[in-house]
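Here are the chains, one letter per residue:
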Amino acid sequence: MYILMTGRGTSGSWQIRGLQLGRAIGASVVPDALDCSAYDLAVLVKRPVGNLVERLHRAQVPIVWDVVDAWPQPYGNDWPQEVCQQWLTSEVRRIRPSAIVAATNAMARDCERFGLPVLWLPHHSRPFQRPNPVRPAVRAVGYEGGANYLGKWARIVEQACERRGWSFVVNPDQLADLDIVLALRDSTGYAPRNWKSNVKLANAHGTGTPFVGNREAGYLETSCGAEFWADDPIELASAFDSLASHEARRAISSHLLLATRSLEETAKVYKAWLHGLKF
């Protein structure tokens with residue numbers, strides 16, 4: 001089967017779901033592909049660009065839509081459930097996919113009503129990451145991603161770190177440079193709570209970096225029991241107090257590493273599902 005992996009090709013989710021997974025499953029990885037006729041199916045990652053969908057349909061190539069992070073952001077992050085479902089329905093009608101890939105199980109359940117094959121495919125851990133050395137004392141707490149999404153959490157974290165003599169780092173060179181990694185978001189809409197991927201937790205697992213995050217579906221669905229949860233400043237302070245211990249962080253790191261979701265394992269599941277589709 002000849003598989004095309006395509007999309008806009010510019011986002012972080014494209015690097016994970018398009019470039020890395022596409023190469024791992026043996027697909028042709030071509031952003032905004034012009035010649036689509038040689039393929040048996042096309043995986044469209046995130047949002048279509050230009051008339052890509054029309055080109056695929058003209059070439060009679062079935063589309064598998066990977067919905068990862070596709071809703072409008074940042075303003076779509078405040079949409080209630082009803083608006084999110086309306087958006088999803090309108091996009092399915094527009095793209096007319098033959099199957100759907102969802103980043104969370106909650107999203108997969110929301111897509112079942114379309115009567116199409118749906119795969120829940122959590123993110124894999126970033127390849128070639130350095131394991132966390134688990135330093136004796138906490139020095140750096142940090143966050144990977146757009147700092148604007150932290151919102152009110154930025155000041156809350158800064159103050160909690162200042163009280164403990166810790167530094168707060170946004171986008172470190174390597175995740176293992178942090179003693180604790182955060183996955184906090186100042187959004188209460190339906191999509192970020194239910195459709196956002198597990199990417200930050202997957203990378204914490206892959207490096208064994210102690211993790212504190214919001215109770216989002218993507219994290220809860222892929223948790224191993226060694227994570228800490230914080231949806232308010234009191235819970236964050238409690239998590240920080242628990243993670244101050246070197247012994248606690250060493251034990252937690254070992255559990256997190258065991259939960260690592262590798263690129264190879266994820267690609268094996270993905271490839272088998274794609275090859276099993278009947279159009």
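A few points on the structure. Please read all numbers here as calculations on a predicted model, not as lab measurements. (Residues numbered from 1 in each chain as written. Predicted model: local features only at pLDDT ≥ 70, side-chain atom pairs only at ≥ 80, totals over all residues. Heavy atoms only, no water.)

**Describing the packing of helix α1 (residues 12-24) against helix α11 (residues 263-276)**
Phase 1 of the analysis: Direction vectors running N to C along α1 and α11 enclose 75 degrees, while the axes themselves pass 9 Å from each other. Relative to α11, the element α1 lies roughly perpendicular. Across the interface between the two elements, Gln-20, Leu-21 and Ala-24 from α1 touch Leu-263, Thr-266, Ala-267 and Tyr-270 from α11.
Phase 2 of the analysis: Here the contact of α1 with α11 is built from residues that sort into 5 nonpolar, 2 polar and no charged. (Axes fitted to C-alpha atoms, helices over the stretch in contact; angles between N-to-C directions. Helix = DSSP H or I, 4+ residues; strand = E, 2+ residues; numbered from the N terminus. Parallel < 35°, antiparallel > 145°, perpendicular 65-115°, else oblique. Contact = heavy atoms within 4.5 Å. Nonpolar A, V, L, I, M, F, W, Y, C, P; charged D, E, K, R; others polar.)

**Concerning the sheet that holds strand β8 (residues 167-170)**
Phase 1 of the analysis: The parallel open sheet is built from 5 strands, whose spatial order is β8-β7-β9-β10-β11. In this open sheet, the two edge strands, each paired with only one partner strand, are β8 and β11 (228-229).
Phase 2 of the analysis: One ladder, built from 4 bridges, connects strand β7 (residues 140-143) with β8; its direction is parallel. Paired with Ala-140 across the strands is Ser-167, a residue of β8. (Pairing = 2+ DSSP bridges.)

**Some details on the sheet that holds strand β1 (residues 3-7)**
Paired through their backbone hydrogen bonds, the strands of a sheet run either parallel or antiparallel.
Phase 1 of the analysis: With respect to topology, 6 strands assemble into an open sheet ordered β2-β1-β3-β4-β5-β6, the strand pairing being parallel. The sheet terminates laterally at β2 (28-29) and β6 (118-120), the two strands that pair on one side only.
Phase 2 of the analysis: For β1 and β2, the ladder comprises 2 bridges, and the chain directions are parallel. From the neighbouring strand, Met-5 faces β2, where its bridge partner is Val-29.
Phase 3 of the analysis: Sitting on the sheet, α11 touches β1, β3 (41-45), β4 (63-66), β5 (99-102) and β6, and the angle it makes with β5 is about 165 degrees.

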